[in-house]
Amino acid sequence: QVQVMESGGGLVQAGKSLRLYCNCTERVASVTRMAWYRQAAGKQRELVASVTSDGTTALSDSVKGRFTISRGNVKNTVLVYMNSLKPEDTAVYYCYALCNGMEYWGKGTLVTVSS
């Protein structure tokens, strides 16, 4: 059974950094896209960053210049490096994987940025 596992959330002060890590547990799967979404309290889930199997990346305008997404050294993993965090980055961050043509979501990891 395919699972998407996230780690790396936590509480940080504004201006600090965090790294989020996600892996799709099915090593033999064809993962064509992995991404991070976030959902703040009272708001809709939004795309933060994505990376495709050919390495193409995309970032939302709200995080450009501060966040970086990259594939990990281990197959079917993705990391997002979040720098210069702001209180408005506070949200539950969800990892998404398009794996063998099916969509999978992680359970989410909370990122809280204090001012």
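Structural data are supplied above this passage.
Since this is a predicted model, take the numbers as computed values, not measurements.

**Considering the state of the cysteines**
Following the criterion strictly, the structure yields one disulfide and no others. Two residues, Cys-22 and Cys-95, share a disulfide whose sulfurs are 1.9 Å apart. Taking the sign of the S-S torsion, -85° for the link of Cys-22 and Cys-95, the bridge is left-handed. Remark: Cys-95 occurs in strand β9 (residues 91-99) and Cys-22 occurs in strand β3 (residues 18-24); sequence separation between them is 73 residues. Each member of the pair Cys-22 and Cys-95 is classed as buried. A disulfide-free cysteine, Cys-24 has its sulfur positioned 3.6 Å from the sulfur of Cys-99, the nearest such atom. Taking the relative accessible area as the measure of exposure, Cys-24 reaches 0% and is therefore buried. For Cys-99, a relative accessible area of 0% corresponds to the buried category.

**Focus: the pattern of salt bridges**
Evaluated as defined, the whole model comprises four salt bridges. Here Asp-89 makes a salt bridge to Arg-38, at a shortest N to O gap of 2.9 Å. You can see Asp-89 sitting in the loop between β8 (77-82) and β9 and its partner Arg-38 sitting in strand β4 (residues 31-39), a full 51 residues away along the chain. A relative accessible area of 0% means that Asp-89 is categorised as buried. Residue class for Arg-38 comes out buried when judged on its relative accessible area of 5%. Through salt bridges that share partners, Arg-38, Glu-46, Arg-66 and Asp-89 make up one connected network.

**So, unusual backbone geometry**
Positive phi outside glycine occurs at Ser-84, with the angle close to 50°. The topology assignment puts Ser-84 in the loop between β8 and β9. Taking relative accessible area as the criterion, Ser-84 reaches 40% and is therefore assigned partly exposed. The backbone of Asn-100 shows a phi angle near 55°, a positive value even though the residue is not glycine. Note that Asn-100 resides in the loop between β9 and β10 (102-105).

**Focus: the pairing of β3**
For β3, the tally of buried residues reaches five of seven residues, placing the bulk of the element in the interior. In the sheet, strand β1 (residues 4-7) pairs with β3 via four bridges, with the strands oriented antiparallel. Within the sheet, the bridge partner assigned to Val-4 lies in β3 and is Cys-24. Relative to β8, β3 is paired through six bridges, and the arrangement is antiparallel. Directly across from Leu-18, in β8, lies its bridge partner Met-82.

Parameters and conventions
Residues numbered from 1 in each chain as written. Predicted model: local features only at pLDDT ≥ 70, side-chain atom pairs only at ≥ 80, totals over all residues. Heavy atoms only, no water. Disulfide = S-S within 2.5 Å. Helix = DSSP H or I, 4+ residues; strand = E, 2+ residues; numbered from the N terminus. Buried < 20%, exposed > 50% of the residue type's maximum accessible area, 1.4 Å probe, protein only. Salt bridge = Lys/Arg side-chain N within 4 Å of Asp/Glu carboxyl O. Pairing = 2+ DSSP bridges.

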